[in-house]
Each structure stands twice: as C-alpha cells, then as structure tokens.
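Next come the chains, spelled out residue by residue.
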Amino acid sequence: MTEKKHVILTGDRPTGKLHIGHYVGSLKNRVALQNTGKYDTYIMIADQQALTDNARDPEKIRRSLHEVALDYLAVGIDPKQSTIFVQSQIPALSELTMHYLNLVTVSRLKRNPTVKTEIQQKKFGESVPAGFLIYPVSQAADITAFKADTVPVGDDQEPMLEQTREIVRTFNRIYQQDILVEPEGVFPPKGEGRIPGLDGNAKMSKSLGNAIYLSDDEDTIQKKVMSMYTDPTHIKVSDPGHVEGNTVFTYLDIFDPDKEQEAKLKEQYQAGGLGDVKIKRYLNDVLQAELKPIRERREQYAANIDYVDQILQEGSARANEVANQTLKEVRDAIGINYFG
Ligand code: TRP
C-alpha cells in the first residue's frame, strides 16, 4: 500500500511582481518542500482575493498574473512537480466560500488581526468591501478544497490558518464528517523570514518603493544596494559602526552563506575602519550570486509566454478536478445534492 502523500496549498495575490521579501518569507520554503518529493504541491495565483480590494482596477491584476507566474517558475517551482493554477478559474472555490460563510460570524471576521491591520492601512473603516472582510473564508475554501495539511506562507498568514482550522472543525462537527482537513503553516526560520526595506523600514513593499525584485537586472540591484540604509552614526570610515538595525548586515544575516566571513566583517565594522561602500559591495556580490540564476530562468520563461499560459491552463484544469470532488463531498455532507 502506498502511503498517502501530504498536500501543500499556498499562493499569493497578484498585485505586482514578487520581491526578495516574498522570497525569504515563503517562496524558499515552498521550493524546498516541493523538492523533498513528499508533497502534492498546489500553488495558486490568488487573483480573486486580489480583486477584493482592486475591483476597480482588474487590469492591474491581469497584468500581474504573468509576473507572479514567472516569479514562481524563476525561483524553482517546477510545473512537472507542482500544479500552478489561477484561483478565478476554479468555480468550486466560490461555492465552498458561500457554504463556509454560514459557519463564521461577522464579529469573528472583524477580529482577524491581519485583516484588521490591512483595513487600517487601506483606510477602509466601515466602507470595507464585504468581499475583503471575508477573504479569510475564501482562503479557507482554497486550502480545504485540496485537503491541504501544509501551507508554507509568511508569518502574517497564521491568522488565516487559525480561521481555516475553526471552519474545518465547525464543518466536521455540524455535518458529522471528517472530510475536511485542518492545515498547519510552515513558516521561515526565526529571524530569516522578514526582510526590512532598503530604507530600513521594517517592511519591504511595493507601495513604499523600498524593494528589490526577483526580476531586477544587475545594475538595478547594485544601485539599490548602494542606496541602502546603514548606520547614521557611522560617518567616517574610522568611526566604530553598529551592526544591529543596520540593513546591510540584516540582509547579510539572511543571504550570506559564508558566516565566518560575515562575522569578521561585523567585527571590523564595529571596531571602526570598515566603510559602508565596502560592505555594500560585499552584499551586492552576495545578492547577485543568489539572484542571477533566478533572473536568468525568469527570462527564459518570459521569452516563451505561451508556454507559461499553457502551464497555468493545464494546472487550472487539474485543480478543477480536485476542487470539484471536494465540493461534491461538501454538498453531500450538507445534503443539498437533491437531484443525485
Ligand atoms: N493571502 C495570501 C496573500 O496575501 C494569498 C492566499 C490566498 C493564500 N489563498 C491562499 C495563501 C491560501 C495560502 C493559502 O498573498
């Protein structure tokens, strides 16, 4: 008897290109898990979730669809091992969402910490689109449609997993079934999952203009690295510098494979006598080495966008089969398959 495989379902909203914050926050984990061969991996481009606060700009989402697909393929999501698909092409997800909405209260939705923060950041107040408020329920539909037990995501997604587990428990209890599966998150190693922006802001994001993209060319990366925030008290090369809160060293902590060399540089920097230009050049080399193969693979796929479309189309067809089967079981459990 073959052992049942674990299942991964994860994804991102396509609102632009992915940056190295996404890379360390979740993409790295997804590729590593895929490559163990122990999982059925489904990676979803969450265009419908992106539309919950971009309904008036669908063109932006449409454009970003290919960018995110290219970013996935570039980092090593392998379409032969993983199913890459597009959320809006899977109608069963919308129907599952409707069924789950009856198991969730409005007050519970309003308490989701990640959604709460987003509502504040986007200044929605009471004018929050209903679809946005309930997106954690549609996320529960995404995860449970594939009976995923493993969800590699950034730390900010833990509240979505908690809400999904609640929905699974409620559903299985009410309908006396065990068809739905409770998912667990897989998060990046402590201290490596969140990369600050180039300007030292705690968050790297498109809207803050402080990101390095997986698609950035060599010159752009170098310019960005040379502009990075370091230690404002480190004025002359001979001054002793700080490494804590110094963005260049935070990036080295995450990306530099040569920990011995990095420790030496930190020591020199703290003692005084090591200039910012030097450490930035060193970081530039480290980043270029990591990002070059990614960029090259991205360019190969970008030159063959019909093939990328084919991957998404075939992936969506496979995803439909699985999600439709789960939907059938859910309808059976509720007892609404009236006509067989
Ligand atoms: N919420 C995720 C994001 O902000 C995207 C997403 C949608 C997702 N559905 C998912 C992630 C299911 C993991 C599992 O990008």
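Preceding this section is the structure that the text describes.
Position numbers for residues count from 1 along each chain, tracking the sequence in the order it is written. Residues qualify for local features only when their pLDDT is at least 70, as the model is predicted, and side-chain atom pairs are given and counted only at 80 or more; totals for whole chains, interfaces and linings, by contrast, use all residues. For side-chain calculations, the full set of non-hydrogen atoms in the structure is used, while hydrogens and water are omitted.

(A) Here's a closer look at the packing of aromatic side chains. We call Phe, Tyr and Trp rings a pair once their centres come within 6.5 Å, taking the six-membered ring for Trp, and we label the pair stacked below 30 degrees between planes, edge-to-face above 60, and tilted otherwise. Evaluation of the coordinates by the stated rule reveals nine aromatic pairs. The ring of Tyr-135 carries the charged tip of Arg-13 above its face, separated from the ring centre by 4.6 Å. Two thresholds decide whether a charge sits over a ring: the Lys NZ or Arg CZ must be within 6 Å of the ring centre and within 35 degrees of the ring normal.

(B) Local environment of the packing of helix H11 (residues 247-255) against helix H13 (residues 276-302). Every axis in this analysis is a line fitted to C-alpha atoms, fitted for helices over the stretch in contact. Angles between the N-to-C directions lie between 0 and 180 degrees. Here a strand is any run of E in DSSP of at least two residues, a helix any run of H or I of at least four, and the numbering for each starts at the N terminus. Put simply, H11 and H13 touch, their axes get as near as 10 Å, and they point 35° apart. The crossing of H11 and H13 is left-handed. Between H11, through Val-248, Phe-249, Tyr-251, Leu-252 and Phe-255, and H13, the contact on the second element is made entirely by Ile-279, Lys-280, Tyr-282, Leu-283, Val-286, Leu-287 and Glu-290. Residues were grouped as follows: Ala, Val, Leu, Ile, Met, Phe, Trp, Tyr, Cys and Pro as nonpolar; Asp, Glu, Lys and Arg as charged; and all remaining residues, including Gly, as polar. Considered class by class, the residues forming the contact of H11 with H13 number ten nonpolar, no polar and two charged. Left-handed describes a crossing whose near helix is turned anticlockwise from the far helix through less than a right angle; right-handed describes the clockwise counterpart. Note on definitions: a residue-residue contact is assigned when non-hydrogen atoms from the two residues lie within 4.5 Å.

(C) Region of the structure containing unusual backbone geometry. Positive phi, close to 55°, is recorded for Lys-123, a residue that is not glycine. Residue class for Lys-123 comes out exposed when judged on its relative accessible area of 72%. With a phi angle near 55°, Lys-147 is a residue other than glycine that sits in the positive phi range. With respect to the element layout, Lys-147 can be found in the loop between helix H8 (135-145) and strand E4 (150-152). Per-residue accessibility, obtained with a 1.4 Å probe over protein chains only, is compared with the maximum for each type, and a residue is labelled buried under 20%, exposed over 50%, and partly exposed between these values. Classification of Lys-147 by relative accessible area gives partly exposed; the value is 25%.

That's the geometry; what it means functionally is another story.
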